[in-house]
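Each chain, written out:
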Amino acid sequence: NAGVTQTPKFQVLKTGQSMTLQCAQDMNHEYMSWYRQDPGMGLRLIHYSVGAGITDQGEVPNGYNVSRSTTEDFPLRLLSAAPSQTSVYFCASSYSRSSSYNSPLHFGNGTRLTVT
Amino acid sequence: SQQGEEDPQALSIQEGENATMNCSYKTSINNLQWYRQNSGRGLVHLILIRSNEREKHSGRLRVTLDTSKKSSSLLITASRAADTASYFCATDAGGGGATNKLIFGTGTLLAVQP
């Protein structure tokens, strides 16, 4: 199993450009999510999905779009990049079963994005 | 808003010593998890403790949970240079359940000197 795979690993964008961060998992996990990590801020949840066709907003969703057409893939789209979106982006997935039990998250190795 | 806050922000110890990190959170939880992040890598799950548990062990890791104080601690015994990493606590949003919508703290940076 490859686990959670994120591409690209590094990206530099100019303000106003658009791009898609890719995330794929091969563990048949129902739950997938995107976090951004900034110095001193920890990880903040951007969007998440509890299954194919279902997405919802996290704590910091503005400027980002997601879709979940398959169980395996959960791309994150930046429609018009801004310098404030310079960050490290992590995709994570897990099983989603019991109503009272949180399965551990499996993380990718991140995409380091710089917006100039 | 941050649910979990770790303390201290940074910790430097010698190999063989024990390292203790604390986490405080704000709302009721179903469970609390600890993760490790090596430099330039994604987070790796270490241990999960449910809200009805008070202590849990996994190898050199010991986690305690005090729901009355809304706090948890992670103890790493007999630390090694390879334990050098950032450590994060994560909680659900209190009833998060099947969504796995975890909220992370700001982390403790642990440096273990050989």
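For the structure itself, consult the block above.
(A) Region of the structure containing the interface of chain A and chain B. Counting residues at the interface gives 30 residues for chain A, matched by 25 residues for chain B. Interface area for chain A against chain B, summed over the two sides, is near 2,200 Å², with a carbon-plus-sulfur share of 47%. Joining chain A to chain B, the criterion identifies zero salt bridges. If you list the elements that add at least two residues to the side of chain A that touches chain B, you get β4 (31–38), β5 (42–51) and β9 (87–94) of chain A.

(B) Molecular detail of the pattern of salt bridges. Per the stated rule, a full pass over the model turns up four salt bridges over all chains. With its nearest N and O atoms 2.9 Å apart, the salt bridge here joins D38 of chain A to R44 of chain A. On the basis of relative accessible area, R44 of chain A is assigned to the buried category, the value being 16%. Of the charged contacts in the structure, one is a salt bridge between R60 of chain B and D83 of chain B, with a shortest N-O distance of 2.9 Å. One end of the pair, R60 of chain B, is in the loop between β6 (55–58) and β7 (61–66); the other, D83 of chain B, is in the loop between β8 (71–76) and β9 (85–91), and 23 residues separate them in sequence. The exposure class of R60 of chain B is partly exposed, given its relative accessible area of 22%. The network of salt bridges with shared partners includes R36, D38 and R44 of chain A.

(C) Quick peek at the nonpolar core. Core analysis: the largest hydrophobic core is formed by 21 residues, its most contacted members being L32, W34, L74, I76, Y87 and L110 of chain B. Of all the elements in the fold, those that place two or more residues in this core are β3 (19–25), β4 (31–37), β5 (43–50), β7, β8, β9 and β11 (108–113) of chain B. With four residues, the top contributor of residues to this core is β3 of chain B. Grouped together as the second largest cluster of nonpolar side chains are 20 residues, M27, Y64, Y89 and C91 of chain A included.

(D) Structural view of the sheet that holds strand β3 (residues 19–25) of chain A. Residue and element names in this part refer to chain A. As summarised here, the arrangement of the four strands in space is β1-β3-β8-β7, forming an open sheet in which the pairing is antiparallel. Each of the sheet's edge strands pairs with one partner strand only, and the pair in question is β1 (4–7) and β7 (64–66). Pairwise comparison of adjacent strand axes, ignoring direction, gives a mean angle of 20° for this sheet. In this sheet, strand β8 (residues 76–78) lies alongside β3 in antiparallel orientation, the contact comprising three bridges. The residue bridging T20 from the neighbouring strand is R77, located in β8.

Conventions and cut-offs
Residues numbered from 1 in each chain as written. Chains lettered and ligands numbered in written order. Predicted model: local features only at pLDDT ≥ 70, side-chain atom pairs only at ≥ 80, totals over all residues. Heavy atoms only, no water. Contact = heavy atoms within 4.5 Å. Buried area = accessible area lost by both parts, 1.4 Å probe. Salt bridge = Lys/Arg side-chain N within 4 Å of Asp/Glu carboxyl O. Helix = DSSP H or I, 4+ residues; strand = E, 2+ residues; numbered from the N terminus. Buried < 20%, exposed > 50% of the residue type's maximum accessible area, 1.4 Å probe, protein only. Core = buried A, V, L, I, M, F, W, Y, C linked by side-chain atoms within 4.5 Å. Pairing = 2+ DSSP bridges. Axes fitted to C-alpha atoms, helices over the stretch in contact; angles between N-to-C directions.

These figures come from the coordinates and say nothing about function on their own.
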